[in-house]
Amino acid sequence: MNEKKDILWRIYLVYFITCFIAFAIVYKIFLIQIPEGEKWRAKAENFSTKLFSIEAVRGNIFDANGVLLATSLPYYEVGIDLQVEALTDKIFEDNVDSLAFSFSKLYPDVSQSRYKKMLVRARQDSTRRYLRLRRNVSYLELQQIKKFPIIRKGRNRGGFTYSQTYKREHPYKGLAARTIGKYNKEGTGKSYGLEIAYHNDLQGENGKRLMQKIAGGVWKPIEEDETLQLEDGADIVSTIDINIQDVASTSLMKSLKKYNASYGCLVLMEVATGHVKAIANLTKTKSGNYVDKLNYAVGRATVPGSTFKLMSLVAVMEDFGVTLEETVDVGKGFCFFSNIKVSDSHTPDNPVMTVKEIFEQSSNVGVTKLIHRYYSKKPQMFIDKLYTMNLNTPLGVSIPGEAKPYIKSTDDKSWSAISLPWMSYGYETDITPLQIVSFYNAIANNGKLVRPQFVKEIRRRDEVIKSFPTVTINPSICSQSTVEKARLMMEGVVENGTARSLKAANYKIAGKTGTAQMGRVDGKMTYQASFVGYFPADNPKYSCIVVVTAPSGDVYYGSAVAGPVFKDVADKVYATSLDIHEAVNSENTEVAKQSPSKKTAANIALRNVLNVLEIDTKKYDGYADSDWIRTSKINKHSTQISKATFEETLKKNVVPNLIGLTAPDALYLLESHGLRVEIIGKGSVRNQSLLAGSKFTKGTTITLELS
């Protein structure tokens, strides 16, 4: 009996303990679910979900016409988790060879066997939940990868994962690369150009995306398309014209290569607005190539040489009313100041020269004597005048790194008896090419000094959120009478002086040559050649400076080295800028209606043009009804028409003379007779790879070089 009670007591005890524990568990569950529910749910949420930063897309940079100069393209890092539960051994073994083959075919730099080895090792290592397969994968490549074996099963069944980042791309590669710039977000390199100047506008605002941790330690977006606070960067519309930029860079590079120079730069800007349409900075590399590496135009102040003579003469004209007819005795082209010789590059034709002739012939002796004549007893007056023309202060351009000009004052410790004469023709001073061309631009702009601009506006989704009007630094650097004198002198340099080779047939150029000694390298004197000016001289639209540093050989004068680059760019800009040309109206139709010298085209089209221009075509040799005709100018208002035998010649499988044909006409003719055509350039045919009169077979390729 006692035994039975003892057993029952123990059973009851166990029962009550069990009930108590059960009650405690239920009570704890109640506490967790109801009173403390919010707290624990928040903790669980924090453990399994997390806010990830999502990078905003950096804004684009466009040229003045909307052409893309810099953009952010998406790139991806792709990987795979080979430990996901749905990926069985059979699926892996059946598809691993195909997966390795697919990757090796898309990326031949890694073999199929190596890819397979990577995949097998990752599969065998049960602790490895991620194998990176490729970095810098483009969007199109990503779409291909998503179709590969195993990967096409998706994230949960195939273990495929990828992360997106953005990479900055320049569609035009090296063109204006230093000005467009670069932003190094990792801090591993230097940031420069428009990219850093307008970084706050371009970068946008990064967003947050709520991600949930799922099996395999993979984070998955809770809402695929929902990103908090994300604002992509704004777009920058620059003042650069990529077509002019291309011409400028190409012309400068040709000159640098021709003279094996160390480096060079070019700036072309609109006179009225200060908009920089082209800026090229090319440096010679160890391999002998030239790249846009350093922004010499903005960031390097050097001795300006003879281009500074304009500043000196403007100063003396302003302070003392010096006229262009005033004379200076230059003797045989040399003189001395404190036993230091100042000499001209050549012996003058006349021992006495006017101020205009001194500037046109770039006489060092003439300028130094003139400045010494008026300022020798009060040199600070000369310095002060230069200061009033803003030559001692930076322009304050938006691109960082602008060098400060150096115009020596009389209280400078290095001031000496030769400082005034030396400064008068560009020595003992340092100015950047951009600062020099801005001064010349002011002369072209009737004395108004404007700040060079690199950006027109900032846009967001095609809406202008900020525009940049022209900034006037100095409304008048000198009087209008001095402006007129300066412009006459600059026109004289091209008409009669050191830059006679730059005369243009259809428009006038005004400017100044410059040749400066830069010091000795390996015992040999190095030089800096430059030309700065504007065009058209009678109605200035563009100003430009070209600087070529350390050309090798015996050719180093500005007129020979830098001048041709200026003219090449000016010719192309003039030819393609409609706003420069005079509009056809009732007063100038006579010029437009002149007979073309030579022209070859389809009969109907060419005859229509001649009829509209009222060109007399009565005198022809009886072939006017041919499909193709040629014209030969008889006089201003009449032309000779003759038959062009393209069709007959091509039917005999003989190449005709195609010179003068437009590209569309040449393409139609040649391709309709079985020739393959490659076109180089724009305009009409200038050269053809298959000589006229030579035989051809169908499928032969002919290359046409256009003018």
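Residues numbered from 1 in each chain as written. Predicted model: local features only at pLDDT ≥ 70, side-chain atom pairs only at ≥ 80, totals over all residues. Heavy atoms only, no water.

1. Examining the overall build of the chain
- Within the chain one finds 24 helices and 30 strands.
- Every one of the 707 residues in the chain was classed for burial, and the buried ones make up 45%.
- When contacts within the chain are restricted to residue pairs at least 6 apart in sequence, those whose partners lie at least 24 apart make up 66%.
- For the chain, the accessible area works out to roughly 36500 Å², and carbon and sulfur atoms hold 52% of it. (Helix = DSSP H or I, 4+ residues; strand = E, 2+ residues; numbered from the N terminus. Buried < 20%, exposed > 50% of the residue type's maximum accessible area, 1.4 Å probe, protein only. Contact = heavy atoms within 4.5 Å. Areas by Shrake-Rupley, 256 points an atom, 1.4 Å probe, with all protein chains shown as cover.)

2. Quick notes on the sheet that holds strand 22 (residues 510-521)
- In space, the six strands of this open sheet follow the order 11-10-9-24-23-22, with antiparallel pairing throughout. Here the strands that pair on one side only, and so sit at the sheet edges, are strand 11 (290-291) and strand 22.
- One ladder, built from eleven bridges, connects strand 22 with strand 23 (residues 524-535); its direction is antiparallel. Counted as the bridge partner of Ala 510 is Tyr 534 from strand 23.
- Contacting strand 22 and strand 23, helix 18 (residues 480-495) runs over the sheet at an angle of about 75° to strand 22. (Pairing = 2+ DSSP bridges. Axes fitted to C-alpha atoms, helices over the stretch in contact; angles between N-to-C directions.)

3. Some thoughts on the packing of aromatic side chains
- In the structure shown here, the tally under the stated rule is 18 aromatic pairs.
- Their ring planes at 35° and their centres at 5.3 Å tell us that Phe 103 and Tyr 115 sit as a pair that is tilted. Residue Phe 103 is found in helix 3 (residues 89-106), and its partner Tyr 115 is found in helix 4 (residues 112-124); the two are separated by twelve residues along the sequence.
- A relative accessible area of 1% places Phe 103 in the buried class.
- The exposure class assigned to Tyr 115 is buried, which follows from its relative accessible area of 2%. (Phe/Tyr/Trp six-rings, centres within 6.5 Å; stacked < 30°, edge-to-face > 60°.)

4. A few points about the environment of Glu 484
- Along the chain, Glu 484 turns up in helix 18.
- Under the relative-accessibility criterion, Glu 484 is labelled partly exposed at 41%.
- Along the backbone, Glu 484 and Ile 443 are 41 residues apart, and their C-alpha atoms lie at a distance of 8.4 Å.

5. What about the pairing of strand 24 (residues 542-549)?
- When you tally the buried positions in strand 24, you get eight out of eight residues, the bulk of the element.
- Burial along strand 24 is two-sided: Tyr 542, Cys 544, Val 546 and Val 548 and Ser 543, Ile 545, Val 547 and Thr 549, pointing in opposite directions, are all buried.
- Relative to strand 24, strand 9 (residues 263-270) runs antiparallel, the two sharing eight bridges. Counterpart to Glu 270 in the pairing with strand 24 is Tyr 542.

6. What to know about the pattern of salt bridges
- Tallying each qualifying case throughout the model produces 19 salt bridges.
- Across the salt bridge formed by Lys 90 and Asp 94, the nearest N and O atoms sit 2.8 Å from each other. Here Lys 90 and its partner Asp 94 are both found in helix 3, four residues apart, which amounts to about one turn of the helix.
- Taking the relative accessible area as the measure of exposure, Lys 90 reaches 59% and is therefore exposed.
- Judged by relative accessible area, which is 47%, Asp 94 ranks as partly exposed.
- In this structure, the salt-bridge partner of Glu 195 is Arg 168, at a minimum N-O distance of 2.7 Å. With a gap of 27 residues between them, Glu 195 in helix 8 (residues 193-197) and Arg 168 in strand 5 (residues 160-169) connect regions that are remote in the sequence.
- Judged by its relative accessible area of 1%, Glu 195 falls in the buried class. (Salt bridge = Lys/Arg side-chain N within 4 Å of Asp/Glu carboxyl O.)

7. Some points on the nonpolar core
- Of all hydrophobic cores here, the largest spans 123 residues; its most connected members are Leu 266, Leu 310 and Phe 439.
- Top element by residues in this core is helix 17 (residues 433-444). It accounts for eight residues.
- Setting aside anything within four residues of it in sequence, one finds Phe 439 in contact with Leu 310, Met 311, Val 314, Met 389, Leu 391, Leu 449 and Ile 477. (Core = buried A, V, L, I, M, F, W, Y, C linked by side-chain atoms within 4.5 Å.)

8. A short note on unusual backbone geometry
- The amide bond that connects Phe 535 to the next residue, Pro 536, takes the cis arrangement and shows omega of -20°.
- Mapped onto the elements of the fold, Pro 536 is located in the loop between strand 23 and strand 24.
- Of note, Asn 136 is a non-glycine position whose phi angle comes to about 50°, a positive value.
- Of note in the backbone geometry, Arg 461 takes a positive phi value of approximately 50° without being a glycine.
- Inspection of the secondary structure puts Arg 461 in the loop between strand 19 (455-460) and strand 20 (463-467).
- Given the relative accessible area of 65%, Arg 461 is considered exposed.

9. Looking at the side chain of Lys 512
- Position of Lys 512 among the secondary structure elements: in strand 22.
- Buried charge without a salt bridge: Lys 512, with Asp 344 as the nearest opposite-charge side chain at an N-O distance of 10 Å.
- Among the polar contacts made by the side chain of Lys 512, one reaches the side chain of Ser 362 at a distance of 2.8 Å.
- Here Lys 512 is in contact with Ser 306, Thr 307, Lys 309, Phe 359, Ser 362, Tyr 440, Val 493, Ser 530, Phe 531 and Val 532, once residues within four sequence places are set aside. (Lys, Arg positive; Asp, Glu negative; His and termini not counted. Polar contact = N/O pair within 3.5 Å; in protein donor to acceptor, adjacent residues only side chain to side chain.)

10. So, the packing of helix 12 (residues 309-320) against helix 17
- In the contact formed by helix 12 and helix 17, the axes pass within 11 Å of each other and the chain directions differ by 45°. Comparing their axes, helix 17 and helix 12 come out oblique. Helix 12 and helix 17 meet at a crossing whose hand is left-handed. Residues Leu 310, Met 311 and Val 314 of helix 12 lie in contact with helix 17, whose contacting residues are Ile 436, Phe 439, Tyr 440 and Ile 443.
- For the contact of helix 12 with helix 17, the residue count by class is seven nonpolar, no polar and no charged. (Parallel < 35°, antiparallel > 145°, perpendicular 65-115°, else oblique. Left-handed = near helix turned anticlockwise from the far one by under 90°. Nonpolar A, V, L, I, M, F, W, Y, C, P; charged D, E, K, R; others polar.)

11. Thoughts on the sheet that holds strand 30 (residues 701-706)
- Within the open sheet, the three strands sit side by side as 28-30-29. Their pairing is mixed. Of all the strands in the sheet, just strand 28 (676-680) and strand 29 (685-688) have a single pairing partner and so form its edges. When the angles between neighbouring strand axes are averaged without regard to direction, this sheet yields 30°.
- As paired strands, strand 28 and strand 30 are joined by five bridges and run parallel to one another. Directly across from Glu 678, in strand 30, lies its bridge partner Thr 703.

12. Quick word on a nonpolar patch on the surface
- A cluster of nonpolar residues, Trp 9, Leu 13, Ile 17, Phe 20, Ile 21, Ile 25 and Ile 29, forms a patch on the protein surface that exposes about 730 Å² of accessible area.
- Mapped onto the elements of the fold, Ile 17 is located in helix 1 (residues 2-33). (Patch = residues over 30% accessible without salt bridge, like charges linked within 9 Å, V, L, I, M, F, W, Y side chains within 5 Å.)

13. Remarks on helix 4
- Helix length check: helix 4 (13 residues) gives 18 Å between terminal C-alpha atoms against 18 Å at 1.5 Å per residue, within 8%.
- Residues of helix 4 that are buried include every one of Tyr 115, Leu 119, Ala 122 and Arg 123, and no others. For helix 4, the angular spread of the buried residues around the axis is 100°, confining them to a single face. Away from the buried face of helix 4 by more than 90 degrees, exposed residues Ser 113, Arg 114, Arg 121 and Gln 124 are located. (Expected span 1.5 Å × (residues − 1). Arc of directions from axis to C-beta.)

14. Description of the packing of helix 12 against helix 15 (residues 379-388)
- Where helix 12 meets helix 15, the axes come as close as 10 Å, and the angle between the chain directions of the two elements is 105°. One element, helix 12, and the other, helix 15, form an angle in the roughly perpendicular class. Side by side, helix 12 and helix 15 meet where Met 311, Ser 312, Ala 315, Glu 318, Asp 319 and Phe 320 of the first sit next to Met 381, Phe 382, Lys 385 and Leu 386 of the second.

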